[in-house]
Amino acid sequence: MEKWDVSRSKQAYGVDLWGEGYFGINADGNVTVTPEPGAKAIDLHEVVRSLVQRGIHVPVLIRFDGIIRNRIHTLYQAFSKAIEESGFEGSYCGVFPIKVNQQRHVVDTIRAAGRDSRLGLEVGSKPELCAVLAVHDLEDGLLLCNGYKDNEYIELALLARRLGKRSIIIIEQLSELAQTLEMSKRLGIEAEVGFRMKPVSKGVGRWETSGGDRAKFGLTSSEIIEGIEKLREHGKEHWLKLLHYHAGSQITAIGAVKKILREVTRMYTELAKLCPSLCFLDVGGGLAVDYDGSKTNFQSSMNYTIGEYARDVVYAISEACKAENIPAPTIVTEAGRALTAHHSVLVFQVVDVAPTAEVLRDLGDPPTDNERIGEFRELYRKLTVKNALETLHDANSLREEVIERFIQGGISLVERAYADSAYWHLLAKVRKEASELRYVPEEIERLDESLLDTYFCNFSLFQSLPDSWAIEQLFPILPIHRHSEQPSRRAILADMTCDSDGKIDKFIDLKDVKPYLPLHSLRNPDPYYLGAFLVGAYQEILGDLHNLFGDTNAVHVDLDASGAVRFTHVVEGDTVREALGYVQYEAPDLVERLRGTIERELSAGRMTGEEAAKIQKRFREALEGYTYLAYG
Ligand code: PLP
C-alpha cells in the first residue's frame with residue numbers, strides 16, 4: 001500500500017479544490033489558513049490549542065478577518081479588470097447585504113476593508129437599517145433599503161440622508177412608492193428610489209424561485225410603468241436612480257446569469273429612456289460559492305469563476321447600453337455569500353464513537369442451543385467471495401424471522417442480542433469478502449451506507465450549520481489535525497441535540513455526494529477536532545436554540561504587522577443563563593424556586609444540609625457555564 005502523507009490527505013478532503021488557496025495542510029499534518037496571498041499560514045490546530053488554554057472552549061467559530069479583506073479585494077479586482085478589458089464607460093460599486101452575516105465585528109471588518117473601494121451596505125428590514133444607520137460611516141456611501149417597508153422604515157431611510165448616507169429606497173411593492181412620496185413631503189427630505197423588477201427568466205439552483213413570475217418580491221413591468229407615472233404625477237421622476245433584481249442565492253450556472261441579464265439590460269435601457277436619471281443597475285446577489293470544489297452546476301458548487309461572472313455582467317450591460325445609446329450605469333452587486341462564506345470555520349470536538357461492527361475471526365458460541373440463533377454462526381463460517389450475495393439474502397431473512405420470534409416471545413433478550421451483533425458482523429464480512437469481486441453487486445455496495453461509525457460531536461447542527469439540516473447544504477468538513485496519518489474509519493456525524501435529524505450523513509465529493517467522512521480513530525485522552533469550513537454566510541443568523549444550545553464562542557483571528565497571530569475579538573457564546581432567558585426563565589427566579597424545593601426536601605429529611613449546599617452551588621455554576629458539553 002502507498003504510504004500516506006499530507007498530500008494524500010489534501011486530496012482525500014479536496015482541500016485544494018474548495019479552499020480557494022485559503023486552506024492547506026502543513027508538514028505537521030495540521031490544517032492551515034492563509035488569509036491573503038503571501039501572508040503567513042496560520043496553523044488552525046495551534047489556534048484552537050491556544051484558545052482552549054485561554055479557557056475559550058470548543059465548539060468555537062473562528063473568523064479570519066484577512067479572508068474577508070481578500071474576498072472584497074478579489075471581487076473588486078474582477079470587476080475592475082472586466083471594466084478595463086471591455087472598455088465599459090460606467091463604473092462598479094459593491095454593496096454588502098448584511099442579512100448574510102450581521103455580526104457587528106464582521107460588518108465592521110467589511111466596512112473597514114471596503115472603505116477605499118466605497119463598498120456600500122444593504123439592509124432588508126428595520127432592525128438591519130437601525131444597525132447600519134449607526135455604523136455605516138462612509139460619507140455619501142450607498143445604503144440600499146430593500147425588503148418590506150412600513151412608514152417607520154421609510155422615515156428612517158429618508159432621515160439617513162441627513163446623516164450623510166446615500167440611502168436609496170428600493171420599491172418592492174407599489175404601495176411603498178406612495179408611502180415614500182408622502183413621507184418625503186412630511187419630512188421635507190428628497191428621496192432617491194430604485195425599482196426591483198421581477199425578471200421572468202429564472203436563476204438555477206436551490207433559490208431559483210426567488211426569480212420568475214411567481215417571485216415573492218419585485219414589480220411586474222406594468223407596475224414599473226405605473227410607478228413611473230406616479231413619480232411623474234408628483235414631479236419626482238428624477239428620483240428614480242436604480243434598477244434592481246435578485247435572481248436567488250447560490251446561482252450555480254453561469255448560463256442562467258447570462259440569460260437573466262438579457263432581460264434585465266433590456267429593461268434597464270427602456271427604463272433609462274423614460275427616466276434619464278437612472279444611473280445604477282443593481283444585479284443583486286447570487287454569486288455562488290464552490291462548497292464541494294467540483295466546479296459544476298451542482299447545488300453546492302458553481303460552474304464559473306468570479307472573473308467570468310464579472311466579465312459576463314459587465315459585457316452584457318456595456319453592449320446593451322451601447323446598442324441603445326444609453327449612458328453606462330454604475331453596476332452594483334449585492335454579493336453576500338461570496339464575500340463571507342470562506343472566512344469562518346466552526347471547530348468542534350468528537351466526544352464519542354459508536355463503531356460499526358468489525359470482521360471477526362469467529363463469532364463465538366451462541367448463548368443457547370436455539371437452532372435459528374446458531375445459524376448466524378454457520379452463515380458466518382461458511383461465507384466466501386462466491387456466496388457473499390446469497391449469504392446477505394439469508395442473513396436478512398434470518399434476522400427478520402428472529403425479530404418476529406422475539407416479538408412473539410419465542411426468543412429471549414440474550415438470544416436476540418447475540419443475533420443482532422452477529423448480523424452486523426456478518427454484514428461487515430459480506431462487504432469485505434465481496435470487495436474481492438470484479439463487479440460488486442449493488443446490494444452489497446449499498447452496505448457501505450450502513451457499515452459506518454457514528455462520531456458524536458459536541459456542537460448543535462441547528463445552531464451552527466442550519467442549512468445542512470434545512471436544505472441539505474454541503475459544507476467541507478475535515479479533521480484539523482492528524483493529516484499525516486491515514487484516516488482508517490468511515491463515519492457519519494451526530495450532534496449533541498436530542499434530535500435524530502441532528503446528524504450529517506452527506507459529505508462533499510468531487511463527482512457525487514459521499515455518504516461518509518473518512519476519519520481517524522480516537523486516541524483518548526487526546527481531543528480530536530473537526531472543522532466545518534465555509535460557514536461564514538447565513539449559518540450564524542439562521543441558527544436556532546434547539547435544546548437550548550446557544551451561540552458558540554466566536555473568535556476573530558488576524559495577523560499583525562510582524563506576522564504574529566492575534567485574537568482581535570473574542571465573543572463569548574451564550575451561557576446557560578442567557579439561553580434560558582431567551583425562553584423567559586430568569587435565573588433569580590429559577591434559583592429561588594429551586595431553593596423552595598430544597599427547603600421542602602430538607603424538612604422532610606430526604607436531603608442533608610451538605611447535599612443542599614452542593615446542589616445550589618452546582619446549579620449556580622451551571623447557569624453561568626457554556627451551553628455545550630464541558631470537555632477539554
Ligand atoms: N440581495 C438580496 C435582495 C437578497 O435577497 C439576497 C439573498 O438572498 C442577497 C442580496 C445576497 O445573496 P447572496 O448571498 O447569494 O449573494
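Above this text sits the structure in question.
Residues numbered from 1 in each chain as written. Predicted model: local features only at pLDDT ≥ 70, side-chain atom pairs only at ≥ 80, totals over all residues. Heavy atoms only, no water.

Q: Outline the pattern of salt bridges, supporting the account with residue identities and numerical values.
A: Enumeration over the complete set of coordinates arrives at 53 salt bridges. We note a salt bridge from Glu192 to Lys241, for which the minimum N-O separation is 3.4 Å. One end of the pair, Glu192, is in the loop between helix H8 (174–187) and strand E9 (193–196); the other, Lys241, is in strand E10 (residues 240–244), with 49 residues separating them in the sequence. Here Glu192 and Lys241 have matching classes, each one buried. Across the pair Glu319 and Lys322 runs a salt bridge whose closest N-O atoms are separated by 3.4 Å. You can see Glu319 and its partner Lys322 sitting in helix H11 (residues 306–324), three residues apart, about one turn around the helix. Relative accessible area serves as the criterion here: at 34%, Glu319 is assigned to the partly exposed category. (Salt bridge = Lys/Arg side-chain N within 4 Å of Asp/Glu carboxyl O. Helix = DSSP H or I, 4+ residues; strand = E, 2+ residues; numbered from the N terminus. Buried < 20%, exposed > 50% of the residue type's maximum accessible area, 1.4 Å probe, protein only.)

Q: Residue-level account of the nonpolar core, with values.
A: Of all hydrophobic cores here, the largest spans 149 residues; its most connected members are Phe23, Ile62, Phe195, Leu493 and Phe533. Looking at which element gives the most residues to this core, the answer is helix H10 (residues 254–274), with ten residues. Those residues in contact with Leu493, other than ones at most four positions away along the chain, are Phe348, Tyr455, Cys457, Ile477, Gly502, Lys503, Ile504, Phe507, Leu517, Leu519 and Leu530. Membership of the second largest hydrophobic core comes to 24 residues, among which are Ala388, Ala395, Ile411 and Ala434. (Core = buried A, V, L, I, M, F, W, Y, C linked by side-chain atoms within 4.5 Å. Contact = heavy atoms within 4.5 Å.)

Q: Go over a nonpolar patch on the surface with me, naming the residues and quoting the values.
A: Where nonpolar side chains cluster on the molecular surface, the patch consists of Tyr582, Val583 and Tyr585 and spans about 290 Å² of accessible area. Its relative accessible area of 34% is what places Val583 among the partly exposed residues. (Patch = residues over 30% accessible without salt bridge, like charges linked within 9 Å, V, L, I, M, F, W, Y side chains within 5 Å. Areas by Shrake-Rupley, 256 points an atom, 1.4 Å probe, with all protein chains shown as cover.)

Q: Outline the site of the ligand, supporting the account with residue identities and numerical values.
A: Near the ligand lie 17 residues; those nearest to it are Lys99, Ser249, Glu334, Gly336 and Tyr538. Between Ser249 and the ligand, the recorded distance is 2.5 Å, taken from a side-chain N or O atom to an oxygen atom. Measuring from an oxygen atom of the ligand, one finds a backbone N or O atom of Arg337 at 2.8 Å. Contact with the protein chains covers 91% of the free accessible surface of the ligand, which is 390 Å². The class makeup of the residues in the shell around the ligand is four nonpolar, eight polar and five charged. (Near = heavy atom within 4 Å. Polar contact = N/O pair within 3.5 Å; in protein donor to acceptor, adjacent residues only side chain to side chain. Nonpolar A, V, L, I, M, F, W, Y, C, P; charged D, E, K, R; others polar.)

Q: With reference to specific residues and values, describe the sheet that holds strand E2 (residues 31–33).
A: Read from one edge of the open sheet, three strands run E1-E2-E3, paired in antiparallel fashion. Of all the strands in the sheet, the pair left with one neighbour each is strand E1 (23–25) and strand E3 (42–43). As judged from the two bridges shared by E2 and E3, these two strands associate in the antiparallel manner. Paired with Thr32 across the two strands is Asp43, which belongs to E3. (Pairing = 2+ DSSP bridges.)

Q: Could you give an account of the packing of aromatic side chains, with specific residues and numbers?
A: Tallied over the full model, the rule gives 15 aromatic pairs. Relative to Phe23, the ring of Trp18 has its centre 5.6 Å away and its plane inclined at 40 degrees; by these criteria the two rings are tilted. With relative accessibility at 1%, the residue Trp18 sits in the buried group. Its relative accessible area of 5% is what places Phe23 among the buried residues. (Phe/Tyr/Trp six-rings, centres within 6.5 Å; stacked < 30°, edge-to-face > 60°.)

Q: Got a sec to walk through the sheet that holds strand E5 (residues 91–97)? Specific residues and values, please.
A: Two modes of strand pairing occur in sheets, parallel and antiparallel, and in both the strands are linked by backbone hydrogen bonds. Pairing is parallel around the closed barrel formed by eight strands, whose spatial order is E5-E6-E7-E8-E9-E10-E11-E12. Neighbour to neighbour, the strand axes of the sheet diverge by 25 degrees on average, direction disregarded. In this sheet, strand E7 (residues 142–145) lies alongside strand E6 (residues 120–123) in parallel orientation, the contact comprising three bridges. Each bridged residue has a counterpart across the sheet, and for Val123 the counterpart in E7 is Cys145. (Axes fitted to C-alpha atoms, helices over the stretch in contact; angles between N-to-C directions.)

Q: Can you explain the side chain of Glu128? Please cite residues and give values.
A: Assignment of secondary structure puts Glu128 in helix H6 (residues 126–135). Among buried charged residues, Glu128 stands out as having no salt bridge; its nearest opposite-charge side chain is Lys99, 6.4 Å away. Apart from the residues lying within four places of it in its own chain, the contact partners of Glu128 are Ile98, Lys99, Gln102 and Val123. (Lys, Arg positive; Asp, Glu negative; His and termini not counted.)

Q: Let's hear about the environment of Lys40: which residues, and what values?
A: With respect to the helices, strands and loops of the structure, Lys40 is situated in the loop between E2 and E3. Between the C-alpha atom of Lys40 and that of Val135, which follows or precedes it by 95 residues, the distance is 31 Å. Ignoring sequence-local partners within four residues, the contact set of Lys40 consists of Val33, Thr34, Pro35, Leu559, Gly563 and Val565.

Q: Pulling in residues and values, what's your account of the state of the cysteines?
A: Across all of its chains, the model carries zero disulfides by this definition. Here Cys130 is not cross-linked by a disulfide; its sulfur's nearest cysteine counterpart is in Cys145, at 11 Å. Cys130 gets classed as partly exposed once you look at its relative accessible area, which sits at 42%. (Disulfide = S-S within 2.5 Å.)

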